[in-house]
Amino acid sequence: EGAAFYGFKSVEELELPAAKAALKECDMLSWISKGDGPVYCAVSKDDGPIQNRGHWLHHPKHAEEIRKQCESAGVACIIVRDAPRDSSLHFLLKNLDVAEAE
């Protein structure tokens, strides 16, 4: 499934130069760098063994890896578990310095 996620037919194809270039381009952790704006991670999945693709992509450990990369780059990172639906909106408004409508 990992190979298919990136558009390749097999795990073996992930060793091809084109696949390595695609994987590097999709590595969001490598895109985090000093001067980036703060990062907001909403975690709604449980810890523990991975149950499916959605759990894999949104596992709490994934958020922790993002936080670690942010810390090493000097970028603020907020991880919120079971966040209210509008918490990301409040985060954006605050960090974009936009006043909320009353």
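This text goes with the structure placed above it.
All of the points below concern the structure found in this document.

Reading the values: the criteria
Residues numbered from 1 in each chain as written. Predicted model: local features only at pLDDT ≥ 70, side-chain atom pairs only at ≥ 80, totals over all residues. Heavy atoms only, no water. Helix = DSSP H or I, 4+ residues; strand = E, 2+ residues; numbered from the N terminus. Rg over C-alpha atoms; globule rule 2.2 N^0.38 Å. 1 Å grid on protein atoms, 1.4 Å probe; cavity = no way out; pocket = protein on both sides within 12 Å on 5 of 7 lines; lining within 4 Å. Points joined across faces, edges and corners; volume = space filled by probe spheres on them. Nonpolar A, V, L, I, M, F, W, Y, C, P; charged D, E, K, R; others polar. Phe/Tyr/Trp six-rings, centres within 6.5 Å; stacked < 30°, edge-to-face > 60°. Buried < 20%, exposed > 50% of the residue type's maximum accessible area, 1.4 Å probe, protein only. Core = buried A, V, L, I, M, F, W, Y, C linked by side-chain atoms within 4.5 Å. Contact = heavy atoms within 4.5 Å. Disulfide = S-S within 2.5 Å. Expected span 1.5 Å × (residues − 1). Arc of directions from axis to C-beta.

Scanning the protein for helices and strands turns up six helices and two strands. Secondary structure elements of the protein, listed N to C terminal, follow the sequence α-α-α-β-α-α-β-α. Relative to its length of 102 residues, the protein is extended, with a C-alpha radius of gyration of 17 Å against a globular reference of 13 Å. The C-alpha extent of the protein, read off along each of the three principal axes, is 55 × 30 × 25 Å.

Of the volumes computed, that of the largest pocket is approximately 350 Å³. Every residue along the wall of the largest pocket is listed here: F5, Y6, L23, C26, D27, M28, L29, I50, W56, L57, H59 and H62. Only α2 (17-26), α3 (28-31) and α4 (53-57) provide two or more residues apiece to the lining of the largest pocket. For the lining of the largest pocket, the residue count by class is nine nonpolar, two polar and one charged.

This brings us to the packing of aromatic side chains. Evaluation of the coordinates by the stated rule reveals two aromatic pairs. Ring centres of F5 and Y6 lie 5.0 Å apart, and the angle between their planes is 85°; on these two criteria the pair is classed as edge-to-face. For F5, a relative accessible area of 38% gives the class partly exposed. Taken together, a centroid distance of 5.0 Å and an interplanar angle of 40° make the contact between Y40 and F91 tilted. Of this pair, Y40 sits in strand β1 (residues 39-43) while F91 is found in helix α6 (residues 87-95), placing the two residues 51 residues apart along the sequence. Taking relative accessible area as the criterion, F91 reaches 11% and is therefore assigned buried.

The tendency in soluble globular proteins is for nonpolar side chains to be buried as a group. By size, the foremost hydrophobic cluster in this structure holds eight residues: I32, C41, V43, A63, I66, C70, A73 and V75. When contributions to this core are tallied by element, the ones reaching two or more residues are β1 and α5 (60-73). When residues in this core are grouped by element, the largest group, four residues, is from α5. Not counting chain neighbours up to four residues away, the residues in contact with V43 comprise H58, P60, A63, I79, V80, R81 and D82.

Right, let's talk about the state of the cysteines for a bit. If you walk through the whole model with that rule in mind, you get zero disulfides. In this structure C41 is a free cysteine whose sulfur lies 4.2 Å from that of C77, the closest cysteine sulfur available. Free cysteine: C70, not disulfide-bonded; nearest cysteine sulfur from C77 at 4.3 Å.

For α5, built from 14 residues, the straight-helix expectation of 20 Å at 1.5 Å per residue is met to within 8% by its first-to-last C-alpha distance of 20 Å. Restricting attention to buried positions, one finds in α5 the residues P60, A63, I66, C70 and A73. All buried residues of α5 fall inside an arc of 140° around its axis, so they share one side. Residues K61, E71 and S72 are exposed on α5 and point more than 90 degrees away from its buried face. On its buried face, α5 sits against α3, β1 and β2 (77-81). Remark: G74 follows α5 within two positions and exhibits a positive phi of approximately 75°.

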